[in-house]
Amino acid sequence: MTEPAPTPSALAAALRLGRQGAAQLLNLGLLTARGALRTRRPPGELWRQLFEVGNRSLLFVMVTLGFIGMVLVFQTCLQINRVTGDLSQVGAEFVKILVHEFGPTLTALMLATRVGAGIAAEVGSMVVTEQVDALRMCGVEPVEYLLVPRFLATLLMTTVLSIFGITAALLLGALTAYQTFHVSFGVFLDFSKLHAGDILTFAVKCLAYGAATPIVSGFCGFRTHGGSEGVGWATTSAVVSSSFVVIVLDFLISALALLTWQAGG
Amino acid sequence: MKRGLRLLAALGGWVLDRCHEVGGMTLLCAYVGWSLLRGRLDGRELVRNLYKMGVVSVPIVALTALFTGGIMVIQSGIFVRRFQAYGLLGWGSGFAVFREVGPILIGLMFSGRVGANNAAELGTMVVTEQVDGLRALAIDPIPFLIVPRVLAMMLAMFCLLVLGDVIAIGGGMVFGRALLGVEFASFFASFADNVKLWDLMVGLIKGVFFGFAIAVTSCHFGLSVRGGAVGVGRAVNDAVVAAALTIMISDDILTLVLR
C-alpha cells in the first residue's frame with residue numbers, strides 16, 4: 001500500500017520517462033500537423049468525424065453551458081444585490097466574460113471529456129486489438145489515417161460548439177435574470193462592452209483548445225498496452241491530461257491577453 | 001410517413017436508453033443506501049480506496065487549484081483595473097473560487113482522474129468475470145465494491161476541496177501581486193472581510209454532492225460494461241460525460257437551494 005520513497009535513481013528514471021514522453025508528444029503533434037496539411041485522406045472520413053465530434057456533442061454542450069449560464073447570472077446578481085443593487089450592467093459584463101473566458105473554456109472542458117475520452121477509447125481499443133499494427137502492415141500511417149481527421153474535426157468544431165454553447169448560456173442567463181431579478185431582456189443582452197480584443201481571445205482560445213485536445217488524447221490512445229485494463233487507463237489519462245492542458249492554456253492565454261491586447265479592458 | 005416513423009422510433013429509443021441509465025443509477029443509490037443502513041461495509045476496502053482516490057489525486061488537484069486561482073485573479077483583474085478597485089480583488093476571486101469555480105473545476109478533474117479510473121477498474125472486473133466470481137463466493141458486490149467507493153469519493157472530494165480552496169486563494173494572492181501589483185495584505189484583508197464562512201460551506205456541500213454523483217455514475221457505467229476492451233473504453237467515456245452533466249445540473253439546483 002505504501003509507495004517506496006523516491007530514490008535518486010527512481011527520480012532520474014522518472015525524469016527520463018518524462019523527457020521521452022515529451023519527445024513522443026511533440027513528434028505526434030508534428031506528424032498530425034503534417035498530415036493535416038496534406039489533402040490526401042480517406043474519403044468521407046472527415047465528414048464522419050465532423051458529425052461525430054460536432055452534432056453528437058451539440059446537445060451535451062448546450063445543456064451544460066446553459067446550466068452554467070444560469071448559475072453564473074444567479075450568483076452575480078445575488079452578490080450585486082447585496083452591494084449596490086444596480087443590475088443594469090450585469091448583462092453587458094456577463095456577455096463579455098462569457099465570450100472571452102467561460103464560453104470557450106467550459107466548452108473545451110466538456111469536449112475534453114466527451115471527445116478526448118472518445119478518441120483515446122477508440123484508438124486504444126484499436127491498439128490492443130492490433131488493428132493499428134495491421135494498418136502499419138498495409139503501409140498506412142496510423143496517425144495520418146486515424147488521428148488527422150479527428151484533429152481537423154475537433155479544431156473546427158470547438159469553435160462552432162463554443163458559439164452554440166455561448167448562445168445557450170446567454171439565453172438561459174437572460175431568462176434567469178428576467179425571472180428572478182426582473183432585468184429585462186433588452187437591458188441584459190447588451191453587446192456594447194464586447195470589444196475586438198474579446199473576440200480575439202475567444203478565437204485564440206478555441207483554436208488552442210481544439211488543437212491540444214485531440215493530440216493529447218491521441219497520444220494517450222496510441223500509448224495503450226495490455227487489454228481492457230489498458231484501454232481504461234488510456235481513457236482516464238486522456239480525460240485528465242486534456243482537461244489539465246485546457247486549464248493551463250486558459251491561464252496562459254488569459255495572462256497574455258491581460259498583459260497585451262486586453263490591457264485596456 | 002415511413003421516414004417520420006423511423007425518426008419517432010429513434011427518438012423513443014434514445015429516451016428509453018436514457019431512462020434505463022437514470023433508473024439503473026437510482027437503483028444503485030437505493031442498494032448503496034440499504035447496505036449503509038444495515039451497516040454492511042468493507043472497512044479495509046474503504047481505506048484502500050481513500051488512499052487510491054484521495055491521496056493519489058492530490059498533485060493534479062493542487063495544480064488545477066493553483067491555475068484556477070490564477071485564472072480567477074486575471075478575470076477579476078480585467079474589471080478591477082477598469083474601475084481602479086484593487087480592494088475588491090480578494091473578495092471577487094475568493095467568492096468565485098469558493099462558491100462556483102473551485103467545486104466545478106476540481107469536480108471535473110476528480111471525475112476525470114478518479115471517476116474514469118473507477119469505471120475502468122469496475123469495467124475490467126466485469127469483463128474478466130471477477131464480479132461474477134465474487135457472487136459465486138457468496139460475496140455481495142454492492143457492500144464489498146460499491147459502498148466503499150461511494151463513501152471514499154465523497155470523503156476524498158471534501159478533503160481535496162478544502163486543500164484546493166486554500167491553494168487557489170494562495171495562488172490568487174501570488175498571481176495578483178505578480179500580474180496586477182496587489183499587495184498580499186490588501187488582497188487578504190479584502191478576502192477576509194467579505195467572504196463568509198457560509199460561502200466556503202456552500203462550496204464544500206456542493207463538492208461532497210459532486211463526489212457522490214461521480215461515484216454513482218462511474219460505478220453504474222463500470223458495472224454495466226458489455227464486450228471486452230472496446231466496451232470498457234466506451235463505458236469510461238459514458239461515465240465521464242454523465243458525471244459532467246450531473247455536476248452541471250446539480251450545481252444549478254444546489255445554487256438555488258443554498259443561497
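Trainee: So what about the overall build of chain B? Which residues, and what values?
Mentor: For chain B, the count of helices and strands is nine helices and zero strands. N-terminal to C-terminal, the α/β element order of chain B is α-α-α-α-α-α-α-α-α. With respect to the principal axes defined by its C-alpha atoms, chain B has extents near 65 × 60 × 35 Å. In chain B, of all internal contacts separated by at least 6 residues, the share reaching a separation of at least 24 is 87%.

Trainee: Outline the overall build of chain A, listing residues and values.
Mentor: From N to C terminus, chain A includes eight helices and zero strands. Seen through its principal axes, chain A has C-alpha atoms that stretch 65 × 50 × 35 Å. Evaluated residue by residue, chain A yields a buried proportion of 49% over its 265 residues. In chain A, 87% of the contacts between residues at least 6 apart in sequence involve partners at least 24 apart.

Trainee: Would you mind going over the nonpolar core in detail, with residue names and values included?
Mentor: In this structure, Ile68 of chain A together with Met153, Val236, Ala239, Val240 and Ala244 of chain B are the most contacted members of the largest nonpolar core, which totals 154 residues. If we ignore the near neighbours within four places in the chain, the residues touching Val240 of chain B are Thr113, Ala117 and Val239 of chain A together with Ser111, Gly112, Gly115 and Ala116 of chain B.

Trainee: I'd like to hear about the interface of chain A and chain B, residue by residue, with values.
Mentor: Contacts between the two partners involve 47 residues from chain A and, on the opposite side, 47 residues from chain B. When contributions to the side of chain A that touches chain B are tallied by element, the ones reaching two or more residues are helix H2 (45-83), helix H3 (90-128) and helix H8 (227-259) of chain A. At 19 residues, H8 of chain A tops the list of elements feeding residues into the side of chain A that touches chain B. The residue inventory of the side of chain A that touches chain B, partitioned by class, reads 25 nonpolar, 17 polar and five charged.

Trainee: Lay out the packing of helix H4 (residues 89-127) of chain B against helix H6 (residues 141-180) of chain B with the relevant residues and their values.
Mentor: All names here are of chain B. Contact geometry of H4 with H6 gives a least axis separation of 8 Å together with a crossing angle of 140 degrees. Taken together, the axes of H4 and H6 lie oblique to each other. Between H4 and H6 the crossing geometry is right-handed. Looking at the contact of H4 with H6 residue by residue, the classes come out as 16 nonpolar, seven polar and two charged.

Trainee: For H4 of chain B, give the residues involved together with the corresponding values.
Mentor: Every α-helix carries 3.6 residues per turn, so stepping three or four residues along brings you back to the same face. All names here are of chain B. Remark: the principal bend of H4, roughly 60 degrees, maps to Val97. Here H4 lies mainly inside the structure; 39 of its 39 residues are buried. Just downstream of H4 lies Glu129, where phi reads positive at about 65 degrees.

Trainee: Just give me the short version of the environment of Ala235 of chain B, but keep the residues and values in it.
Mentor: Residues and elements named next belong to chain B. Within the secondary structure, Ala235 sits in helix H9 (residues 228-257). Look at Ala235 and you get buried, because 32 C-beta atoms sit within 10 Å. Not counting chain neighbours up to four residues away, the residues in contact with Ala235 comprise Ala119, Gly123, Phe221, Gly222 and Val225.

Trainee: Please give an account of the packing of helix H1 (residues 2-37) of chain B against helix H8 (residues 197-223) of chain B that cites residues and values.
Mentor: Residue and element names in this part refer to chain B. The N-to-C vectors of H1 and H8 enclose an angle of 110 degrees; their axes lie 9 Å apart at closest approach. For the element pair H1 / H8, the angle class is roughly perpendicular. Handedness of the crossing formed by H1 with H8: right-handed. Where H1 abuts H8, its residues Gly24, Met25, Leu28 and Cys29 lie against Val216, Thr217, Cys219 and His220. Taken together, the residues of the contact of H1 with H8 sort by class into five nonpolar, three polar and no charged.

Trainee: So what's going on with unusual backbone geometry? Which residues, and what values?
Mentor: Comment: phi is negative for the bulk of residues other than glycine, and the bulk of peptide bonds are trans. The phi angle at His182 of chain A is positive, at roughly 55 degrees, despite the residue not being glycine. Looking at where His182 of chain A falls in the secondary structure, it is placed in the loop between helix H5 (142-181) and helix H6 (185-188). We note that Glu129 of chain B has phi near 65 degrees; this positive angle belongs to a residue other than glycine. Tracing the backbone through its elements, the reader meets Glu129 of chain B in the loop between H4 and helix H5 (130-136).

Trainee: Before we move on, can you summarise the confidence of the model for chain A with the specific residues and values?
Mentor: Of all residues in chain A, 94% attain a pLDDT of 70 or more, and the chain-wide mean is 85. At the level of individual helices and strands, chain A shows its lowest average pLDDT in helix H1 (residues 8-37) of chain A, which scores 78, and its highest in helix H7 (residues 196-222) of chain A, which scores 91.

Trainee: Explain the environment of Val160 of chain A residue by residue, including any values.
Mentor: Residue and element names in this part refer to chain A. Structurally, Val160 is set in helix H5. Residue classification places Val160 among the partly exposed positions, given that 18 C-beta atoms sit within 10 Å. Once the C-alpha coordinates of Val160 and Leu58 are considered, the two residues, 102 residues apart in sequence, prove to be 9.5 Å apart.

Trainee: Outline the confidence of the model for chain B, supporting the account with residue identities and numerical values.
Mentor: Model confidence for chain B is summarised by a mean pLDDT of 87, while 100% of its residues fall at 70 or above. Interface confidence in the predicted complex, given as ipTM, is 0.84; pTM for the same model is 0.86.

So, how was this worked out
- Residues numbered from 1 in each chain as written.
- Chains lettered and ligands numbered in written order.
- Predicted model: local features only at pLDDT ≥ 70, side-chain atom pairs only at ≥ 80, totals over all residues.
- Helix = DSSP H or I, 4+ residues; strand = E, 2+ residues; numbered from the N terminus.
- Contact = placed C-beta atoms within 7 Å.
- Buried ≥ 20, exposed ≤ 12 C-beta atoms within 10 Å, placed from the backbone.
- Core = buried A, V, L, I, M, F, W, Y, C linked by C-beta atoms within 7 Å.
- Nonpolar A, V, L, I, M, F, W, Y, C, P; charged D, E, K, R; others polar.
- Axes fitted to C-alpha atoms, helices over the stretch in contact; angles between N-to-C directions.
- Parallel < 35°, antiparallel > 145°, perpendicular 65-115°, else oblique.
- Left-handed = near helix turned anticlockwise from the far one by under 90°.
- Bend = angle between axes of the 7 residues up to and from the residue.
- pLDDT = per-residue confidence, 0-100.

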